[in-house]
Amino acid sequence: MASPSSFLSEEQLMCAICLGVFTDPVTTSCGHNFCMTCIRRHRDSNPCAKCPLCGEPLDTKPDFKINTTIKEITEGIKRKRIQKKPEVTCDSCPKKMRFAVKSCLHCGTSFCETHLEPHKTAKKLMKHKLINPVENIDDYICKKHDRPLELYCRDDQTAVCQFCTESDHKTHNTVTLEEESLNLLKNEKTGVHQKIQDRLRKIKEIKHSTRFNKQTKEKETEENTRFFKEIFERSFAELLELMEEKHKETERRAEELIKELDQEIVELKRRKTELEQLPLPMDFTQILSLQHKPLCTSYSTNMSISCHEHGGILRKTLSRLQSILDKKMRETVSRELQSIQHFAVDLTFDPDTAYPELMLSDDRKQVWNEGTPQKLPENPKRFDVCSCILGKEGFSQKFYYEVQVSGKTEWDLGVATESINRKGDIGLNPDNGYWTVWLRNREEYAANDDIPVPLNLKEKPVKVGVFVDFDRGLVSFYDVEAKYHIYSFTGQTFPEKLYPYFSPGEYEGGQNSTPLVITPVNSIE
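In this convention, every chain numbers its residues from 1, walking through the sequence in written order. Selection of residues for local features in this predicted model requires a pLDDT of at least 70, selection of side-chain atom pairs for listing and counting requires 80 or more, and totals for whole chains, interfaces and linings are taken over all residues. Hydrogens are left out, water is left out, and the side-chain values use all remaining heavy atoms of the structure.

K.L.:
Explain the overall build of the protein to me, please; I cannot follow it from the model alone.
P.N.:
Secondary structure elements are defined from DSSP: runs of H or I of at least 4 residues count as helices, runs of E of at least 2 residues count as strands, and each element is numbered from the N terminus. Looking only at helices and strands, one finds 8 helices and 21 strands in the protein. The rule is simple: take the accessible area with a 1.4 Å probe, protein chains only, and divide by the maximum for that residue type; under 20% is buried, over 50% is exposed, in between is partly exposed. Looking at the protein as a whole, 42% of its 525 residues are labelled buried. In what follows, residue pairs with any heavy atoms lying within 4.5 Å of each other are defined as contacts. Across the protein, every contact between residues at least 6 apart in sequence was considered, and the portion connecting residues at least 24 apart equals 61%. Within the structure as shown, the protein displays about 29,500 Å² of accessible surface, and the carbon and sulfur contribution to it stands at 51%. Here the Shrake-Rupley method, with its probe set to 1.4 Å, supplies the accessible areas, and only the displayed protein chains count as covering residues.

K.L.:
Mind showing me how you'd approach the pairing of strand β13 (residues 411–417) here?
P.N.:
In the case of a regular strand, side chains alternate between the two sheet surfaces. By the criterion of burial, β13 is predominantly enclosed, with 7 of the 7 residues buried. Side chains W411, L413, V415 and T417 of β13 all project onto a buried face; the interleaved residues D412, G414 and A416 project onto the opposite face, where all are buried too. For two strands to be treated as a pair, DSSP must find at least two bridges joining them. As paired elements, β13 and strand β14 (residues 434–440) share 6 bridges and run antiparallel to each other. Across the sheet, residue L413 finds its bridge partner in β14, namely V437.

K.L.:
Sorry, what's going on with the pattern of salt bridges here?
P.N.:
Any two side chains of opposite charge can pair if their charged atoms end up close together. By definition here, a salt bridge exists when the distance from a side-chain nitrogen of Lys or Arg to a carboxyl oxygen of Asp or Glu is within 4 Å. Applying the stated criterion to the full structure yields 13 salt bridges. Note that E179 and R154 form a salt bridge whose closest N and O atoms lie 4.0 Å from each other. With a gap of 25 residues between them, E179 in helix α5 (residues 177–231) and R154 in the loop between β6 (151–153) and β7 (158–160) connect regions that are remote in the sequence. Taking the shortest distance from any N to any O, the salt bridge between R330 and E459 comes out at 4.0 Å. Taken together, the positions of R330 in helix α8 (residues 307–340) and E459 in the loop between β16 (453–455) and β17 (463–469) put the pair 129 residues apart, joining distant regions of the chain.

K.L.:
Is there a simple way to think about the sheet that holds β17 in this case?
P.N.:
Paired through their backbone hydrogen bonds, the strands of a sheet run either parallel or antiparallel. The sheet built from 7 strands is open, its strands ordered β9-β10-β21-β12-β17-β18-β19 with antiparallel pairing. Each having just a single partner strand, β9 (358–360) and β19 (484–489) make up the two edges of the open sheet. Here the strands of the sheet are splayed against their neighbours by 20° on average, with no regard to which way each runs. Where strand β12 (residues 399–404) lies against strand β21 (residues 516–519), 3 bridges are found, and the strand directions are antiparallel. Note on β21: the bridge partner recorded for E402 is T519. Lines fitted to the C-alpha atoms define the axes, with helices restricted to the stretch that makes contact. Angles between their N-to-C directions range from 0 to 180 degrees.

K.L.:
Whenever I open this one, unusual backbone geometry confuses me. Can you help?
P.N.:
Although it is not a glycine, Q157 adopts a positive phi angle of roughly 50°. In this structure, Q157 sits in the loop between β6 and β7. A relative accessible area of 41% places Q157 in the partly exposed class. Its identity as a non-glycine residue notwithstanding, K483 has a phi of 55°, on the positive side. Its place among the elements puts K483 in the loop between β18 (474–479) and β19.

K.L.:
Any chance you could explain the sheet that holds strand β11 (residues 389–390) here in plain terms?
P.N.:
Strand order across the open sheet formed by 6 strands is β11-β20-β13-β14-β15-β16, with antiparallel pairing between neighbours. In the strand order of this sheet, the two ends are held by β11 and β16, each with one partner. Sheet topology places β11 next to strand β20 (residues 498–503); 2 bridges connect them, and they run antiparallel. In the sheet register, I389 faces β20, and the bridge partner there is F502.

K.L.:
Teacher, can you tell me more about the packing of aromatic side chains here?
P.N.:
The relative placement of two aromatic rings is captured by the distance of their centres and the angle of their planes. A pair of aromatic rings is counted whenever rings of Phe, Tyr or Trp (Trp by its six-membered ring) have centres within 6.5 Å, and the orientation is called stacked for planes under 30 degrees apart, edge-to-face for over 60 and tilted otherwise. According to the stated counting rule, one finds 10 aromatic pairs in the structure shown. Ring centres of F470 and F494 lie 5.4 Å apart, and the angle between their planes is 45°; on these two criteria the pair is classed as tilted. Of this pair, F470 sits in the loop between β17 and β18 while F494 is found in the loop between β19 and β20, placing the two residues 24 residues apart along the sequence. For F470, a relative accessible area of 15% corresponds to the buried category.

K.L.:
Help me understand helix α1 (residues 36–44), please; the structure alone is not making it clear to me.
P.N.:
Since the α-helix advances by 3.6 residues per turn, residues separated by three or four positions end up pointing in the same direction. Those residues of α1 not exposed but buried are M36, C38, I39, H42 and R43. Burial along α1 is one-sided: seen end-on, the buried residues are contained in an arc of 165°. Comment: arc refers to directions from the helix axis out to C-beta atoms.

K.L.:
Got a minute to help me understand the pairing of strand β10 (residues 366–369) in this structure?
P.N.:
Alternating positions in β10 separate cleanly, V367 and N369 being buried on one face and Q366 and W368 remaining unburied on the opposite face. As judged from the 3 bridges shared by β9 and β10, these two strands associate in the antiparallel manner. The residue of β10 that forms the bridge with L358 is N369. Between β9 and the antiparallel strand that follows it, β10, lie 5 residues; R364 among them carries a positive phi value of about 60°. Relative to β21, β10 is paired through 2 bridges, and the arrangement is antiparallel. The residue bridging Q366 from the neighbouring strand is V517, located in β21.

Here it is in structure tokens:
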């Protein structure tokens, strides 16, 4: 007996929100199916939540029951997918030995089933946006704010993140990608249908014109026959033959045009079928593809623009838009820095916490690694394995400081709680009391969140600013010279005072001997 999955295509078993095969599928009151986590997040984030597919109001009851039949079918599909060996590998596995089942837009990382488990159990990670594994995950992440592109700006026709709607696109008409997908697909179907009707009408006009030509030809033939028969009886046969050829040529051209229009109708119907089979919601790359994919209009060259011209216009528009966005981003970050620099504090390094290989300047504003341990008294505050040091002062309110990092191959910066473990190896993540970003191997930047987040910086920072809003649970990092936001830890809880944390890195045979320097804060005018 055939299994249920043999009667269903894989597209029919995909969630319209995450675009992946169902995980714990549930059925809404309107009869549509979604992943339990996806529909819960959609419902909880919208006061008057509606079904993403049909627009019916969602049931406000807090519980959804898993559809066990669909779950069994989708789990079978997932097992088959694993057997097919997808090309995207897990970024967290050693030597990338396992294949990824999901990519996380918040983490910028692809995970196998094992490493994806924290996203299913940890409350904070369950809020992350997961999609089917993709190799080009950077295309789905905002280049300015390192946040998922979950919204769409209709004014600028581009995908944006939540931070964008609070700054550059604050006054623009923005909607979710789900809503834009449904709206665009509806408009595209309407456009295809209209094109089909236009071509059918054109065929009707041509056929009518052909019939009229036949009637005219018959009338002209009768009149001319009588006339020429009376006057030029000898030339009648030759003239009749010329007229016949003229009308045949007209009919031949009409038939060719009808064939061309019939072919366009076939293509348009195929396009309509493709649109009906598109998964919903579409991501922003599919939206842009639909918006700029021209319909066939061969019977009138004035109705279309060449792909080459269209591509050139699009590239110029995107380039101009990117320049505007970069300028506005710098203006926004400049204003942010102006406001937070009012909370600048005068810092010095705490020698009692310094790793034995670290050296301090007389004013305790510079620190570097000499590569040779010093004989220092034992101190419970001192780091004994890792090349790092804390600031002398701790804070439980807003504070800001700047550090020069140029010329180094590696460094760490951030804040840490007073009760952190300072002996042996340390784990730089919020669970261990550290909120930091770092540089490794001269050009590899990352934010050390619960799962490390790679950072694609536009340029190497010369001076990094660190801002902490203790009450709001916020730790932000800025490229001071380029006026660029690097990364922010948000929604944190600080159980005690925070101390500035620094690491000048290892000595590396003198290649990384340039010091970290606590610099005076010069307010941006």
